[in-house]
Amino acid sequence: MALVVPETVLKACPIFKGFTDTGIAIFASIAVPRAFPKGSQLFAEGKMGESLIIVGEGTVRLSAKSPTGEEISLGDVGAGEPLGELALVQKGERLCSATAMTDVAALEIRHADFQKLLIQKPQACVKLLMGIVAFFGQKARDNRDMLRTLVGKAPAA
């Protein structure tokens, strides 16, 4: 599988919506093209997350273990979609696993590289963080019915 062109993948990703060509080029300069063969893990639940991955081509299945240890599918992610974006802000354990359902070409932006860029290009990094917040907000709106059922099951305070 051929590696992806960083600028093309970044332009297709919703967290980079509204970025100029210059802004895209700033992040393309630290993005690392990656290839994941079908069946391989991009990352594992419970392991330390240290990078944002953006799918360029292919399909990735997200899954998590239930309290009984059963693997539960959380859905599929395709071209242009980001995974693990919170790892840019703060390293922490992955909340789910990501497995390549097809051959996957992706971009990786590492936490350490983002932190260095934050010093050099703070305005571009803040714009990306705002894009991540907007993306999360949209995901929450898209899944509000599921969120209501979770909240409805919470014990009263």
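What counts, and where the lines are drawn
- Residues numbered from 1 in each chain as written.
- Predicted model: local features only at pLDDT ≥ 70, side-chain atom pairs only at ≥ 80, totals over all residues.
- Heavy atoms only, no water.
- UniProt positions renumbered as here; feature names shortened; annotations may be inferred.
- Helix = DSSP H or I, 4+ residues; strand = E, 2+ residues; numbered from the N terminus.
- Salt bridge = Lys/Arg side-chain N within 4 Å of Asp/Glu carboxyl O.
- Buried < 20%, exposed > 50% of the residue type's maximum accessible area, 1.4 Å probe, protein only.
- Axes fitted to C-alpha atoms, helices over the stretch in contact; angles between N-to-C directions.
- Parallel < 35°, antiparallel > 145°, perpendicular 65-115°, else oblique.
- Contact = heavy atoms within 4.5 Å.
- Nonpolar A, V, L, I, M, F, W, Y, C, P; charged D, E, K, R; others polar.
- Phe/Tyr/Trp six-rings, centres within 6.5 Å; stacked < 30°, edge-to-face > 60°.

According to UniProt, the positions carrying the feature "domain: Cyclic nucleotide-binding" (unreviewed entry) are residues 15-118. Summarising residues 15-118: 19% helix, 43% strand, and an end-to-end C-alpha distance of 16 Å.

With that settled, consider the pattern of salt bridges. Within the structure shown, the criterion is met by five salt bridges. In this structure, Asp-76 and Arg-61 form a salt bridge, with 2.6 Å as the shortest nitrogen-oxygen distance. Taken as a pair, Asp-76 in strand S6 (residues 71-77) and Arg-61 in strand S5 (residues 60-65) lie far apart in primary sequence, 15 residues in all. A residue is classified by how much of its surface remains accessible, and Asp-76, at 41% relative accessible area, is partly exposed. Across the pair Glu-71 and Lys-65 runs a salt bridge, and its minimum N-O distance is 2.8 Å. One network of salt bridges, in which partners are shared, links Arg-34, Glu-108 and Arg-110.

Helix H5 (residues 122-142) packs onto helix H4 (residues 111-120) with a crossing angle of 125° between their chain directions and a minimal axis gap of 6 Å. Of the possible angle classes, the one that applies to H4 and H5 is oblique. Between H4 and H5, the residues in contact are Phe-114, Leu-117, Leu-118, Ile-119 and Gln-120 and Pro-122, Cys-125, Leu-128 and Leu-129, respectively. Here the residues of the contact of H4 with H5 sort into eight nonpolar, one polar and no charged.

What the rule picks out here adds up to three aromatic pairs. Taking the centre distance of 5.4 Å and the plane angle of 65° together, the rings of Phe-16 and Phe-27 count as edge-to-face. Here Phe-16, found in the loop between helix H1 (6-12) and helix H2 (21-28), pairs with Phe-27, found in helix H2; they are 11 residues apart in sequence, far enough to count as distant. Its relative accessible area of 2% is what places Phe-16 among the buried residues. A relative accessible area of 0% means that Phe-27 is categorised as buried. Of the aromatic side chains, those joined through ring pairs into one cluster are Phe-16, Phe-19 and Phe-27.

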